[in-house]
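Summary of structural features
The chain contents come next:
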Amino acid sequence: MNRHLRNAMKIKFLSLIYFVIVCISISSGSKRNILLIVVDDLRPALGCYDFPKIISPNIDQLASKSVLFNNAHVQQAVCGPSRTSFLTSRRPDTTKLYDFGSYWRTHAGNFTTLPQHFKENGYFAYSIGKVFHPGKCSNGTDDFPYSWSVPAYHPSTQKYKMQKVCPNPDGTLSMNLLCAVNVSTQPEKTLPDIQSSDHAVEILKQLEKAQQKEPFFLAVGFHKPHVPFKFPEEYLELYPLSKIDLAPDPFVPKKLPTVAYSPWTPLRRRDDVIALNLSFPYGPIPDIFQRKIRQHYFSSVSYMDAMVGKVLNQLTLSGFANNTIIAFVGDHGWSLGDHGDWCKFENLEPVTRVPFLFHIPQMTTTSSNFKFQDPFESANIGKVFQKMQLKSDALVELVDLFPTLSDLANLPQIPLCNKNSSKTQLCTEGLSMATLLENVVRGEETPWKNAVFSQYPRPSVEPRENSDLPKLKDIRIMGYTMRTKDHRYTEWIGFDPVTFYANFSQVYARELYLHDIDPLEDNNVASEPSSKQLVRKLRKKLIAGWRNALPK
């Protein structure tokens, strides 16, 4: 497609958006807008999360005007199942989506989604970038027309993620993991997150021009730091390789059960990783390449941060910032050599824990204005906004996002799901954090959950080629993990992919980590005699499940 045709199609598309906006801008509603920012594969590697080596001034600025949650966890550490879970507020055992091969509405139940709920309550709902996981698990349409007022926008350059567009030192191109690029040499002379941020800026301008009176629910999904680590090459300057350390625990723990390990299969498909001729499943990756992976992940985060900054800046310039609730979240974490792992696909802290921010005008801040923070300006390098005081150590989950935003926007309250909710369209398996947020601002305690829950499937006890992303038909083991204030407890048990039955009497492995003395989860003490009573107690709590962890 030539450039002129692409521009014509873009103009036509934006004209359609503008027409829809004008058509719905006929009432004078006073509801607050929603901006949901979803980031792919982002662990809490941000300045505001006490990760000082990361240069993230725009997200840090947002955090300084938000409530920051230190203990937020996903329901499954992989894109499709996680996004389906938090956008429906149902857990994977309810969506029955553990892979990318099913659409929840036909596979599990016709569940109402977060954007659909807002759309049905008078909001203009629009998706930019990766919000739902594209493909079969969102029906190939990002769940349009149920969830969105108009079709979702995807950056055209995302189709090159599995193509040979990464420069090698000899001038050739490969499909690499490490992919710092000169943007002007790339297909279409741009990158996916640049396109998504530019489009979000244009949409906000269109909303401003239309003098939008109906509220909007705008979801913007950024692809980086998901692999490949493709970003403008100048971001490498922020992270000299000589200053990049290895992970604090770069080796596979001796007591880690084999079923718990991720062999980071997606990385092994990349040309530069193939050239290392690594053994399967443990590697190890040479130290110099480990440092380069971490350098490129950090650079990808700073690049993404700048794109977030562009959107927040336009939100202010368009006059919407003082009336827009902002939720910022990662869909799951990412291992950077922790436990000898280099992906997600596990049940450990680096991959279940994510950044989670809520910005509420006139509540979490006295000023909701945002100014773009250039990561290359010396004043912003290593800058963390020190005024940030609103933090919470409460255990929260991404299934809490849906009911929280509904309550904050004064929409109808989302009821708690019954144990069998397959025929219930609108309910939550999370808990609204609205009261928790209010009390964090007031400095008051809130009775809250005493545990949060995640899970991950496996095809076998020993690592295989499909251990990271098994298809539903191949799942034979399910790892259920529970994070409490002081512990992480995990059981890997038998699982039937036809009946979806989890057999807690068929235990393949157990893990127990004591966070007060082992915050990195390196020493599995589940089999030690001194842990017998604690294992019994936590096992009972794990089997009782998330309902039993809710405040009484």
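Scroll up for the structure.
Below: a short report on this structure. Keep in mind that what you see is a predicted model, and the values were worked out from it rather than measured.

Scoring rules and cut-offs
- Residues numbered from 1 in each chain as written.
- Predicted model: local features only at pLDDT ≥ 70, side-chain atom pairs only at ≥ 80, totals over all residues.
- Heavy atoms only, no water.
- Axes fitted to C-alpha atoms, helices over the stretch in contact; angles between N-to-C directions.
- Helix = DSSP H or I, 4+ residues; strand = E, 2+ residues; numbered from the N terminus.
- Parallel < 35°, antiparallel > 145°, perpendicular 65-115°, else oblique.
- Contact = heavy atoms within 4.5 Å.
- Nonpolar A, V, L, I, M, F, W, Y, C, P; charged D, E, K, R; others polar.
- Salt bridge = Lys/Arg side-chain N within 4 Å of Asp/Glu carboxyl O.
- Buried < 20%, exposed > 50% of the residue type's maximum accessible area, 1.4 Å probe, protein only.
- Disulfide = S-S within 2.5 Å.
- Pairing = 2+ DSSP bridges.

Describing the packing of helix α7 (residues 192–209) against helix α9 (residues 287–317)
Close contact between α7 and α9 brings their axes to 9 Å; oriented N to C, the two are set at 5 degrees. The orientation of α7 relative to α9 falls into the category roughly parallel. On α9, the residues touching D193, I194, S197, D198, A200, V201, L204, K205 and E208 of α7 are Y303, M307, K310, V311, Q314, L315 and L317. When its residues are assigned to classes, the contact of α7 with α9 shows nine nonpolar, two polar and five charged.

Some remarks on the pattern of salt bridges
Counted by the stated rule, this structure contains 21 salt bridges. Between R83 and D40 there is a salt bridge, with the nearest N and O atoms lying 3.5 Å from each other. Residue R83 is located in helix α3 (residues 79–88), and its partner D40 is located in the loop between β1 (33–39) and α2 (57–63); the two are separated by 43 residues in the primary sequence. For the pair shown, R83 and D40 are each scored as buried.

Here we look at α3
Spacing of three or four residues puts side chains on the same side of an α-helix, whose turn is 3.6 residues. Of all 10 residues that make up α3, 10 are buried, and the element is covered over most of its length. If you check which residues of α3 are buried, you get C79, G80, P81, S82, R83, T84, S85, F86, L87 and T88. On its buried face, α3 is in contact with β1, α4 (92–95), α5 (104–107), α6 (114–119) and α11 (401–408). At the C-terminal side of α3, S89 shows a positive phi close to 60 degrees.

What about the state of the cysteines?
Taken as a whole and assessed by the stated rule, the structure comprises two disulfides. C343 takes part in no disulfide bond, and the closest cysteine sulfur to it belongs to C79, at a distance of 10 Å. A relative accessible area of 1% places C343 in the buried class.

Comments concerning the sheet that holds strand β15 (residues 487–496)
Judged by pairing direction, the sheet is antiparallel, and its four strands sit side by side in the order β13-β14-β15-β16 without closing on themselves. Strands at the two margins of the open sheet, each flanked by one partner only, are β13 (452–458) and β16 (501–514). For this sheet the average axis-to-axis angle between neighbouring strands, irrespective of direction, equals 20 degrees. In this sheet, β16 lies alongside β15 in antiparallel orientation, the contact comprising 10 bridges. Bridge pairing links R488 to Y513 in β16. The sheet strands contacting helix α13 (residues 532–544) are β13, β14 (477–483), β15 and β16, and the helix crosses β16 at an angle near 130 degrees.

Re the environment of P263
Here P263 shows up in the loop between β8 (229–232) and α8 (271–274). Residue class for P263 comes out buried when judged on its relative accessible area of 0%. P263 sits 80 residues away from C343 along the chain, and the two C-alpha atoms are 8.2 Å apart. Ignoring any residue separated from it by four or fewer positions in sequence, one finds P263 in contact with R268, F280, P281, P463, R464, S467 and D468.

Remember that the coordinates give geometry; whether it matters functionally is a separate question.
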